[in-house]
Amino acid sequence: MGYKITEQSPAGAGVRGNLDDAMRLSLHLRTAYAVMLRLAAFPCDGPDDLFQATLRLPWEEWLPPDGYFTVTSNVKHPTIDNQMYPSLVVKDAVADRMQRQCGHRPDSGPERNGAVLWLRWQGSRAEVWLNASGEKLTDRGYRKRPHTAPLRESLAAGILMAAGYDGERPLVNPMCGSGTLAIEGALLALNRAPGLLRGNFGFMHVTGFEKNKWEALRAQARRQTVKKTPAPVIASDHDPHAIVAARHNAQTAGVEHCIEFHVCDFAETPLPDPPGTLAVNPEYGVRLGHTDALREEYKRIGDFFKQQCSGWQCHIFTGNLELGKCVGLRTSKRTIFHNADLECRLLSYEIYDGSRKTRKQFTTEITEGTENEL
Ligand SMILES: C[S@@+](CC[C@H](N)C(=O)[O-])C[C@H]1O[C@@H](n2cnc3c(N)ncnc32)[C@H](O)[C@@H]1O
């Protein structure tokens, strides 16, 4: 998007920008959880420091006195054993400041549908941020029917981007569940900004918000949407209820016309021409199913790739590395994802067609690491 990354951490990237940039990023980012604006940073060695420093900030310039706000926090400090307490301290300081400056205290509570502040306090440094997204960006608003063990929308988009999917070739998503991978794939192929699906963001509830600028950004994003039908996107699941849910979600996302749905075993999923990207997220025995029963399923997935997916770039997203080994094929790439507190892998396989068998054997030799390192 043309921004220079100024800070990087395993869970985030920093750029320089203002509220307009926060709106733009919230509208377009597919893989982000939230867009935050840092309002202040200060030394902080206890709740009194936190209260006094927060009270000194010009909240009357940032929040409307008749608005609503909430405070969330991530705190690691020896004086704090109740994680709720620092949020309450910030809330009180903001409300006191507004009372003094405007003669009115804004409402506050736990809901995240107004202005959202975030306190990050680690050791002797505290930072107060405006969470410009408000509700998580990953909640696009289209998944009205979740079905079983759905992927977060942002994670599904990240999986497709790591898989190199760009919408130019077909996308096949067997075991689609509620359809998240297929829907994110269609949104990506259409270049449709994910934020177009949402009506409410945190930045709408702060003083500097200009509705006309937001509408202009939305109109520009709509113009950038690809108008022609993208390469085929195919989603299948053996559970008819999953397909009902996926179809409904695709309709809510406005991409039902781009996705072909099938009720079938994964190995019966029709594969269009030319070959493209196949992404599958089977159960992995943490929330659903049991590892033993799933070993055979993963082996069948490997057989399906080998026997029917010549020329395809195949990918399995799993949180169970033992099951990953049952696939029985060498990976061409393994990408680590952190899904909540679980370390997951995107296992990628290049399936060469018969005429390139020799090359397949050679590739096996040069793939990174060993199978045991999955
Ligand atoms: C972990 S869920 C997929 C969730 C999906 N990624 C989402 O975001 O909603 C796994 C799905 O695989 C389906 N499934 C399990 N075994 C299958 C099989 N043999 N053939 C087709 N689908 C299968 C289940 O019905 C379930 O919907």
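Quick caveat: nothing in here was measured; it's all calculated off a predicted structure.

Trainee: Hey, could you go over the overall build of the protein chain for me, with residue numbers and the actual values?
Mentor: Tallying secondary structure elements over the protein chain gives 11 helices and 14 strands in all. The principal-axis extent of the C-alpha atoms belonging to the protein chain is close to 75 × 45 × 40 Å. The proportion of buried residues among the 374 residues of the protein chain is 38%. Residue pairs in contact within the protein chain that sit at least 24 positions apart in sequence constitute 76% of those at least 6 positions apart.

Trainee: Now, about the site of the ligand: what can you tell me, with residues and values included?
Mentor: Around the ligand, a shell composed of 20 residues is seen, among which Pro150, Met175, Gly177, Ser178 and Thr180 lie nearest. Class assignment of the residues belonging to the shell around the ligand gives a composition of nine nonpolar, seven polar and four charged.

Trainee: Could you give an account of the sheet that holds strand β10 (residues 259-263), naming the residues involved and the relevant values?
Mentor: Read across the sheet, seven strands follow the order β10-β9-β8-β11-β12-β14-β13 without closing on themselves; strand pairing throughout is mixed. Strand pairing shows two members of the sheet lacking a second neighbour, β10 and β13 (333-339), which therefore form its edges. For this sheet, the mean inter-axis angle between neighbouring strands, taken without regard to orientation, is 20 degrees. With two bridges connecting them, strand β8 (residues 171-173) and strand β11 (residues 277-280) associate as parallel partners. Paired with Leu171 across the bridge in β11 is Thr277. The sheet contacts of helix α8 (residues 240-253) involve β9 (233-237) and β10, and relative to β10 the element is tilted by about 165 degrees.

Trainee: Lay out the domain arrangement of the protein chain with the relevant residues and their values.
Mentor: Structurally, the protein chain comprises domain 1 (36-131) and domain 2 (153-194 + 226-373). For domain 1 and domain 2, the distance between their C-alpha centres works out to 43 Å.

Trainee: Describe the environment of Ala11, with residues and values.
Mentor: Inspection of the secondary structure puts Ala11 in the loop between β1 (7-9) and β2 (12-14). As a C-alpha pair, Ala11 and Ala32 span 21 residues in sequence and 9.5 Å in three-dimensional space.

Trainee: Hey, could you go over the sheet that holds strand β6 (residues 115-122) for me, with residue numbers and the actual values?
Mentor: Strands sit in the order β3-β7-β6-β4-β5 across an open sheet of five strands; the sheet is mixed. Two strands lie at the open edges of the sheet, namely β3 (36-43) and β5 (107-108), each paired on one side alone. Taken together, the eight bridges between strand β4 (residues 68-76) and β6 define a ladder with parallel strand orientation. In the sheet register, Val71 faces β6, and the bridge partner there is Leu117. Most of the contacts of helix α4 (residues 84-102) go to β4, to which it runs at about 140 degrees, and overall it touches β4, β5, β6 and β7 (125-131).

Trainee: Can you explain the environment of Arg112? Please cite residues and give values.
Mentor: Looking at the secondary structure, you find Arg112 in the loop between β5 and β6. Ignoring any residue separated from it by four or fewer positions in sequence, one finds Arg112 in contact with Thr70, Gly134 and Glu135.

Trainee: I'd like a description of helix α7 (residues 211-224), backed by residues and values.
Mentor: Here α7 contains 14 residues, and its C-alpha end-to-end distance of 20 Å stays within 8% of the 20 Å for a straight helix at 1.5 Å per residue. With zero of its 14 residues buried, α7 lies for the most part at the surface.

Trainee: Break down the packing of helix α2 (residues 47-55) against α4 for me, with residues and values.
Mentor: Packing of α2 against α4 brings their axes to within 8 Å, and their N-to-C directions diverge by 30 degrees. Classified by chirality, the crossing of α4 by α2 is right-handed. Residues Pro47, Leu50, Phe51, Thr54 and Leu55 of α2 form the contact with α4, whose participating residues are Tyr85, Pro86, Val89, Val90, Asp92, Ala93, Val94, Asp96 and Arg97.

Reading the values: rules and limits
Residue numbers restart at each chain and count upward from 1, following the sequence in its written direction. Restriction of local features to residues with pLDDT of at least 70 applies here, the model being predicted, together with a cutoff of 80 or more for giving and counting side-chain atom pairs; totals for whole chains, interfaces and linings are based on all residues. Segments assigned H or I by DSSP are reported as helices when at least four residues long, segments assigned E as strands when at least two residues long, and all are numbered from the N terminus. Partly exposed residues are those falling between the two cut-offs: more than 12 but fewer than 20 other C-beta atoms within 10 Å of their own, whereas 20 or more means buried and 12 or fewer means exposed, with C-beta atoms placed from the backbone. Contact criterion: two residues are in contact if their C-beta atoms, reconstructed from the backbone, are within 7 Å. By definition, a residue lies near a molecule or strand when the C-beta atom built from its backbone is within 6 Å of it. For this scheme, ten residues count as nonpolar: Ala, Val, Leu, Ile, Met, Phe, Trp, Tyr, Cys and Pro. Four count as charged, namely Asp, Glu, Lys and Arg, and the remainder, Gly too, count as polar. Strands were regarded as paired on the criterion that DSSP finds at least two bridges between them. Axes here mean lines fitted to C-alpha atoms, for a helix over just the part in contact, with angles spanning 0 to 180 degrees between N-to-C directions. The start and end points of each domain follow an automatic or database-based domain assignment. Any helix carries an expected span of 1.5 Å times its number of residues minus one. We call a crossing left-handed when the near helix sits turned anticlockwise from the far one by less than a right angle, and right-handed when that turn is clockwise.

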